[in-house]
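# What the coordinates show
Spelled out, the chains give:
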Amino acid sequence: MISTSKSTLVPGGTWTVDPVHSTVGFSVKHLGIATVRGQFDDFDGTFEVGEGDTSARAYGSVQAVSVNTNDSGRDEHLRSADFFGVEQNPELRFESTGVEHVDDETFEIAGDLTMNGITKPIKLTAEVQGTETDPWGNERVALEVRGQLNRGAWNMTFNQALGSGNLLVGEKVKLELDISAIKQS
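The following refers to the structure shown. (Residues numbered from 1 in each chain as written. Predicted model: local features only at pLDDT ≥ 70, side-chain atom pairs only at ≥ 80, totals over all residues. Heavy atoms only, no water.)

In terms of helices and strands, the chain carries 1 helix and 11 strands. Moving toward the C terminus, one meets the helices and strands of the chain in the order β-β-β-β-β-β-α-β-β-β-β-β. Across its three principal axes, the chain shows a C-alpha extent of roughly 55 × 30 × 30 Å. Summarising the internal contacts of the chain: among those between residues at least 6 apart in sequence, 58% fall at separations of at least 24. On the chain, roughly 9,800 Å² of surface is accessible, and the fraction owed to carbon and sulfur atoms is 49%. (Helix = DSSP H or I, 4+ residues; strand = E, 2+ residues; numbered from the N terminus. Contact = heavy atoms within 4.5 Å. Areas by Shrake-Rupley, 256 points an atom, 1.4 Å probe, with all protein chains shown as cover.)

This is how it looks when you write it as structure tokens:
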């Protein structure tokens, strides 16, 4: 419920993610001690908010081949069947199943994430950063969206145990989306 009688977190309408001013990122532990960050360069998304009611819907997709960690060798490995398996599963998809108002700036989004050919539920937390009209007259809203998943649940099980007991690649993946969206209607 993005909209309540007290306040509206995101004004009603259909909003399209502006990929030029947005980031779909992630981070994971490497060797159990360092954090490696990456992002996807090819993505789209939409969210629809009903006027004056509690309906809201969010959905989007990412082209898995666009994964970018600033290391071409690692990116190729991530595209392989050990991780995203882009030849068989070229797209990651998210579709919300529910949106719940937490406070004046925050809401939780429950949804289904399809990755590596497997669909599983996931919860994301979104914090509204504000709304603004850009110099060209477009109404915009900005959101920080965070979540976490265990990559093994999507059959991404490649790993190597290290002598210290740490793993080469962490199991926990943090999702970090910074979204700027433009109102369409």
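Bringing the packing of aromatic side chains into the picture now. Inspection of the entire model under this criterion finds 3 aromatic pairs. Ring plane angle 15 degrees and centroid distance 6.3 Å describe the contact between tryptophan 15 and phenylalanine 47, whose orientation is recorded as stacked. Residue tryptophan 15 is found in strand β1 (residues 13–17), and its partner phenylalanine 47 is found in strand β4 (residues 43–49); the two are separated by 32 residues along the sequence. Like tryptophan 15, the residue phenylalanine 47 is buried in the burial classification. (Phe/Tyr/Trp six-rings, centres within 6.5 Å; stacked < 30°, edge-to-face > 60°. Buried < 20%, exposed > 50% of the residue type's maximum accessible area, 1.4 Å probe, protein only.)

Secondary-structure assignment places arginine 140 in strand β10 (residues 139–150). There is a polar contact of 3.1 Å between the side chain of arginine 140 and the side chain of serine 180. Setting aside chain neighbours within four positions, we find arginine 140 in contact with Trp15, Asp18, His21, Gly130, Thr131, Glu132, Asp134, Ser180, Ala181 and Ile182. (Polar contact = N/O pair within 3.5 Å; in protein donor to acceptor, adjacent residues only side chain to side chain.)

Negative charge collects at one region of the surface, where Asp103, Asp104, Glu105, Glu127 and Glu144 lie side by side. Here glutamate 105 lies in the loop between β7 (91–101) and β8 (106–115). (Patch = residues over 30% accessible without salt bridge, like charges linked within 9 Å, V, L, I, M, F, W, Y side chains within 5 Å. Salt bridge = Lys/Arg side-chain N within 4 Å of Asp/Glu carboxyl O. Lys, Arg positive; Asp, Glu negative; His and termini not counted. Charge placed at Lys NZ, Arg CZ, Asp CG, Glu CD.)

Before going further, it helps to spend a moment on the nonpolar core. Counting 42 residues, the largest nonpolar core has Val10, Phe47, Phe84, Phe107 and Leu143 as its most contacted members. Element by element, the count of residues in this core is highest for strand β11 (residues 169–183), at 5 residues. When sequence neighbours within four positions are dropped, the list of residues in contact with phenylalanine 84 reads Phe40, Ala64, Val67, Leu78, Arg79, Asn89, Leu92, Met115, Asn116 and Met156. (Core = buried A, V, L, I, M, F, W, Y, C linked by side-chain atoms within 4.5 Å.)

Our next topic: helix α1 (residues 72–79). For an α-helix, 3.6 residues make a turn, and residues three or four places apart therefore share a direction. Every buried residue of α1 is listed here: Asp75, Leu78 and Arg79. Along the axis of α1, the buried positions cluster into a sector of 100 degrees, meaning they face one direction only. Taking the backbone nitrogen of glycine 73 as reference, a side-chain oxygen 3.2 Å away marks aspartate 71 as the first, capping residue of α1. (Arc of directions from axis to C-beta.)

What follows deals with the environment of isoleucine 118. Note on placement: isoleucine 118 falls in strand β9 (residues 118–133). Its relative accessible area of 24% is what places isoleucine 118 among the partly exposed residues. Note: C-alpha distance between isoleucine 118 and asparagine 155 (37 residues apart in sequence) is 7.8 Å.

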